[in-house]
Amino acid sequence: MRTKLALWGVIAVVVAVGVGVGWGSTPTSGTSSDRLYSLAAEMKCLQCVGESVANSQAPIAIQMRAEIGRQMSDGKTDDEIETYFVDRYGARVLLNPSGRGLVGVVWIVPVVVLAAGLVGLVLNFSARRRDRAVPFELSDEDRELVERARQEP
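Below, the structure is looked at part by part.

Rules of the game
Residues numbered from 1 in each chain as written. Predicted model: local features only at pLDDT ≥ 70, side-chain atom pairs only at ≥ 80, totals over all residues. Heavy atoms only, no water. Helix = DSSP H or I, 4+ residues; strand = E, 2+ residues; numbered from the N terminus. Buried < 20%, exposed > 50% of the residue type's maximum accessible area, 1.4 Å probe, protein only. Contact = heavy atoms within 4.5 Å. Areas by Shrake-Rupley, 256 points an atom, 1.4 Å probe, with all protein chains shown as cover. Phe/Tyr/Trp six-rings, centres within 6.5 Å; stacked < 30°, edge-to-face > 60°. Patch = residues over 30% accessible without salt bridge, like charges linked within 9 Å, V, L, I, M, F, W, Y side chains within 5 Å. Salt bridge = Lys/Arg side-chain N within 4 Å of Asp/Glu carboxyl O. Lys, Arg positive; Asp, Glu negative; His and termini not counted. Charge placed at Lys NZ, Arg CZ, Asp CG, Glu CD.

1. Topic: the overall build of the chain
Here is step 1 of the chain: A count of helices and strands for the chain gives 6 helices and 0 strands.
Here is step 2 of the chain: Overall, the chain shows an N-to-C arrangement of helices and strands of α-α-α-α-α-α.
Here is step 3 of the chain: Out of the 153 residues in the chain, the part that is buried amounts to 19%.
Here is step 4 of the chain: Within the chain, contacts between residues at least 6 apart in sequence are counted, and of these 49% link residues at least 24 apart.
Here is step 5 of the chain: About 11800 Å² of surface is accessible on the chain, with carbon and sulfur atoms providing 61% of the total.

Now the structure itself:
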């Protein structure tokens, strides 16, 4: 019973995280500033250390934001805009690498291993609990040994 509850709990957490991630999604079309800063936040400032294009005031970041705005006005999709910057500056410009190819495997494998480990732990603990619930029975030989040990001083 507890194994089922634990499994349902894990499923509930996964669904809640999925809903939470999708809940506050940013627009993927149009020319809103939310979309511009969402795209800029996914790109690394090439002049700064550890800063996104959205947060940086470096000249190259300002130019990149202006280029994102121009491409948004031209009706380009998010993927087309990202592809433009990757073609121009290389994959190093992306803060979050794409999930394609080997990069996708590198991001997926740890999640799968963690999930398999959690399932293994749940199964192990439930098996131990079942084994503990089985009453231990003494054989006649064991009872005789206990009786002899009690009688000796």
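2. Examining the packing of aromatic side chains
What describes a pair of aromatic rings is the distance from one ring centre to the other and the angle between the planes of the rings.
Here is step 1 of the chain: Under the definition given, this model contains 2 aromatic pairs.
Here is step 2 of the chain: A centroid spacing of 5.1 Å and a plane angle of 85° characterise the contact between tyrosine 84 and phenylalanine 85, whose relative ring orientation is edge-to-face.
Here is step 3 of the chain: Residue tyrosine 84 is classed as partly exposed on the basis of its relative accessible area of 28%.
Here is step 4 of the chain: Ring geometry for phenylalanine 85 versus tyrosine 89: centroids 6.2 Å apart, planes at 15°, classification stacked. On the criterion of helical spacing, the pair formed by phenylalanine 85 and tyrosine 89 is a turn pair, its members being 4 residues apart in helix H4 (residues 78-89). Judged on exposure class, the residue phenylalanine 85 and its partner tyrosine 89 are both buried.
Here is step 5 of the chain: By way of ring pairs, the aromatic residues Tyr84, Phe85 and Tyr89 are connected into one cluster.

3. Looking at the environment of valine 53
Here is step 1 of the chain: Structurally, the position occupied by valine 53 is in the loop between helix H2 (33-41) and helix H3 (59-73).
Here is step 2 of the chain: The buried category is assigned to valine 53, whose relative accessible area is 0%.
Here is step 3 of the chain: The sequence separation of valine 53 and arginine 65 amounts to 12 residues, and the corresponding C-alpha distance is 7.0 Å.
Here is step 4 of the chain: Ignoring sequence-local partners within four residues, the contact set of valine 53 consists of Ala40, Met43, Lys44, Cys45, Ala61, Met64 and Arg65.

4. Digging into a negative patch on the surface
Here is step 1 of the chain: Together, Asp140, Glu141, Asp142 and Glu144 give the surface a local cluster of negative charge.
Here is step 2 of the chain: Assignment of secondary structure puts glutamate 144 in helix H6 (residues 140-151).

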